[in-house]
Amino acid sequence: MNKLLTIAIPTFNRAQLLDKQLTWLAQAIKGFEDDCEILVSDNCSTDNTQEVIQKWQITLSNITFKSNKNFKNLGVVKNIMYCLNSTTTKYVWTIGDDDPIQDRAIAYVISKLKQHEDLSLLFLNFSGRNQITGEPVHPPTIVGNRWFDIDSEDGDGDGKAVFEHCFSKSVGAVIFLTATVYRTDLVKRALQDWPDAENNWISLAYLAGYCAANGRVIVTQDTYLECVVGVSYWQKEPKSALLMQYKHIPEVILKLEKSGYSKQFCRRMLLQNSKEVNLKVFLGALRRWPMSAIKIVVPFLALVSLCAFDVMVSKELALAESSEIPTQEVRTYKP
């Protein structure tokens, strides 16, 4: 019998965290062994990650448990893409090895996937917590400690409209790996359409948007997991903030337009991103890597300028059309 869901865990040199996550999974997956597969992709760890995997493969011998070890560290995004491309089940849920997930999450996910056979994307709402202070963290545009503020658990709404709302509210929400369940055939097709997605740290937003444009979308009302803010993989990269703000997000927006999203929405998101970029990030990069910073920022400024000009022209045309007074031919008749 074909399995419904692959629960994949990309990992690297965090054997203790992986062991803790698999301990959670072993408990939460009980009763759903026939519906699920497990896949762990080791990004060439040098600790005892392989021992942890082997231990759990023996313990969970009643469930399909696949593992992979890359021949070298490919980088976190490429390891995630391996999980997505290697999946053979209808849906794939790739989770972080350190993200706290509630026990009830698997039961909820399975029930929704069975209830909506044409579902293309499932967003699990989540709370946020600062790693250092422990204080709640969430987007300023959303009330309460949750990262999605749209509730469409019936799956009957316009998938693109749902994603547009979520993306415009918080880029961080739609790129949180553990919160997202993709339909496998759609996410593979998205990767085929953009092979270079593995080099973009925001590409998970594109994958979600692609799936949303091709089927039903559900965003949960309740939170099912937690995002610990301040431990993201890209924060360890010295040029991460510059690349994300000035290159990767604009790339994703342009790819979304090619995937069927309206030009108006994409222009709005490009302009919104231009307002949210941090000038200090650019100035800091300019001092440390002047040539690299200029090469990244100049195309960004050109794109934003073109977008702003396009919006201005569109507004002027709309204003001109609305101000036109219909003329009516008047004939004078002599008695």
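An unreviewed UniProt entry annotates the protein as Glycosyl transferase family protein of Nostoc commune NIES-4072.

Peer 1: Can you help me understand the nonpolar core in this one?
Peer 2: In terms of nonpolar packing, the biggest core is built from 105 residues, with Leu-5, Trp-93, Phe-167, Tyr-182 and Leu-207 touching the most fellow members. Each of domain 1 (5-233) and domain 2 (239-323) gives at least three residues to this core. For Phe-167, the contacting residues outside a window of four places in its chain are Val-174, Ala-205, Ile-253, Leu-256, Phe-265 and Met-269.

Peer 1: I would appreciate a short explanation of the packing of aromatic side chains in the present structure.
Peer 2: Aromatic ring pairs are described here by two measures, namely the spacing of the ring centres and the angle between the planes. In the structure shown here, the tally under the stated rule is 13 aromatic pairs. A centroid spacing of 6.5 Å and a plane angle of 55° characterise the contact between Phe-167 and Phe-265, whose relative ring orientation is tilted. In this pair, Phe-167 is assigned in helix 5 (residues 159-169) and Phe-265 in helix 10 (residues 263-276), connecting sequence segments 98 residues apart. Comparing Phe-167 with Phe-265 shows no difference in burial state: the two are buried. Ring geometry for Tyr-246 versus Phe-282: centroids 6.3 Å apart, planes at 50°, classification tilted. Within this pair, whereas Tyr-246 is found in helix 9 (residues 240-258), its partner Phe-282 is found in helix 11 (residues 279-288), the two being separated by 36 residues in sequence. An identical accessibility class is assigned to Tyr-246 and Phe-282; each is buried.

Peer 1: Please clarify how the pattern of salt bridges should be interpreted in this entry.
Peer 2: Note that side chains of opposite charge can pair when their charged atoms are close. Scanning the entire structure with this criterion turns up 10 salt bridges. Arg-183 serves as the salt-bridge partner of Asp-185, at 2.8 Å between the closest nitrogen and oxygen. Judged by its relative accessible area of 39%, Asp-185 is partly exposed. According to the relative accessible area criterion, Arg-183 is buried, its value standing at 16%.

Peer 1: What is the right way to look at the side chain of Asp-99 in this model?
Peer 2: Tracing the backbone shows Asp-99 in the loop between strand 4 (91-94) and helix 4 (105-115). With no salt bridge to any partner, buried Asp-99 finds its closest opposite charge in Arg-14, at an N-O distance of 6.9 Å. At a separation of 2.4 Å, a polar atom in the side chain of Asp-99 contacts the side chain of Thr-178. Not counting the four nearest positions on each side in its chain, Asp-99 is found in contact with Gln-21, Phe-176, Thr-178 and Glu-226.

Peer 1: What is the right way to read the sheet that holds strand 4 from this model?
Peer 2: Backbone-to-backbone hydrogen bonds join strands into a sheet, with any given pair of strands oriented parallel or antiparallel. Across the sheet, which stays open at both edges, the 7 strands sit in the order 3-2-1-4-6-5-7 with mixed pairing between neighbours. Looking at which strands have only one partner, the edges of the open sheet turn out to be strand 3 (64-69) and strand 7 (216-229). The sheet shows a mean angle of 20° between the axes of neighbouring strands, taken without regard to direction. Direction of pairing for strand 5 (residues 119-130) relative to strand 7: parallel, over a ladder of 10 bridges. Note on strand 7: the bridge partner recorded for Phe-123 is Val-219.

Peer 1: In this structure, what is going on with the environment of Leu-113? I would like to understand it.
Peer 2: In this structure, Leu-113 sits in helix 4. Residue Leu-113 is classed as buried on the basis of its relative accessible area, which comes to 2%. For the pair formed by Leu-113 and Tyr-91, sequence separation is 22 residues and the distance between their alpha carbons is 8.3 Å. Setting aside its immediate chain neighbours within four residues, Leu-113 contacts Leu-4, Leu-5, Tyr-91, Leu-119 and Val-181.

Peer 1: Please clarify how the packing of helix 3 (residues 76-86) against helix 7 (residues 184-193) should be interpreted in this entry.
Peer 2: Here helix 3 crosses helix 7 at 130°, and the two axes come no closer than 9 Å. When the axes of helix 3 and helix 7 are compared, the pair comes out oblique. The hand of the helix 3/helix 7 crossing is left-handed. Here helix 3 contributes Met-81, Leu-84 and Asn-85 to the contact with helix 7, which in turn contributes Thr-184, Val-187, Lys-188 and Leu-191.

Peer 1: Help me understand the pairing of strand 1 (residues 5-11) in this model?
Peer 2: Every other side chain in a regular strand lies on the same face of the sheet, so the side chains alternate between the two faces. Counted residue by residue, strand 1 has 7 buried out of 7 residues, so it is predominantly covered. Side chains Leu-5, Ile-7, Ile-9 and Thr-11 project from strand 1 onto one buried face, and the interleaved Thr-6, Ala-8 and Pro-10 project onto a second face that is buried too. Bridge analysis of strand 1 against strand 2 (residues 36-42) gives 7 bridges, and the strand direction is parallel. The partner of Ile-9 across the bridge, within strand 2, is Val-40. Once you follow strand 1 into helix 1 (residues 15-28) and on to strand 2, the crossover reads as right-handed. When strand 1 meets strand 4, the two strands line up parallel, connected through 4 bridges. Counted as the bridge partner of Thr-6 is Val-92 from strand 4.

Peer 1: Teacher, can you tell me more about unusual backbone geometry here?
Peer 2: If a residue is not glycine, its phi is most likely negative; likewise, a peptide bond is most likely trans. Unlike most non-glycine residues, Asn-13 shows phi in positive territory, near 55°. Inspection of the secondary structure assignment puts Asn-13 in the loop between strand 1 and helix 1. When its relative accessible area of 30% is taken as the criterion, Asn-13 is described as partly exposed. Of note in this structure, Cys-44 is not a glycine but carries a positive phi near 65°. Among the residues examined, Cys-44 registers a relative accessible area of 24% and is labelled partly exposed.

Analysis parameters
Residues numbered from 1 in each chain as written. Predicted model: local features only at pLDDT ≥ 70, side-chain atom pairs only at ≥ 80, totals over all residues. Heavy atoms only, no water. Core = buried A, V, L, I, M, F, W, Y, C linked by side-chain atoms within 4.5 Å. Buried < 20%, exposed > 50% of the residue type's maximum accessible area, 1.4 Å probe, protein only. Domains from an automatic or database assignment. Contact = heavy atoms within 4.5 Å. Phe/Tyr/Trp six-rings, centres within 6.5 Å; stacked < 30°, edge-to-face > 60°. Helix = DSSP H or I, 4+ residues; strand = E, 2+ residues; numbered from the N terminus. Salt bridge = Lys/Arg side-chain N within 4 Å of Asp/Glu carboxyl O. Lys, Arg positive; Asp, Glu negative; His and termini not counted. Polar contact = N/O pair within 3.5 Å; in protein donor to acceptor, adjacent residues only side chain to side chain. Pairing = 2+ DSSP bridges. Axes fitted to C-alpha atoms, helices over the stretch in contact; angles between N-to-C directions. Parallel < 35°, antiparallel > 145°, perpendicular 65-115°, else oblique. Left-handed = near helix turned anticlockwise from the far one by under 90°. Right-handed = clockwise from strand over helix to strand, strands pointing away.

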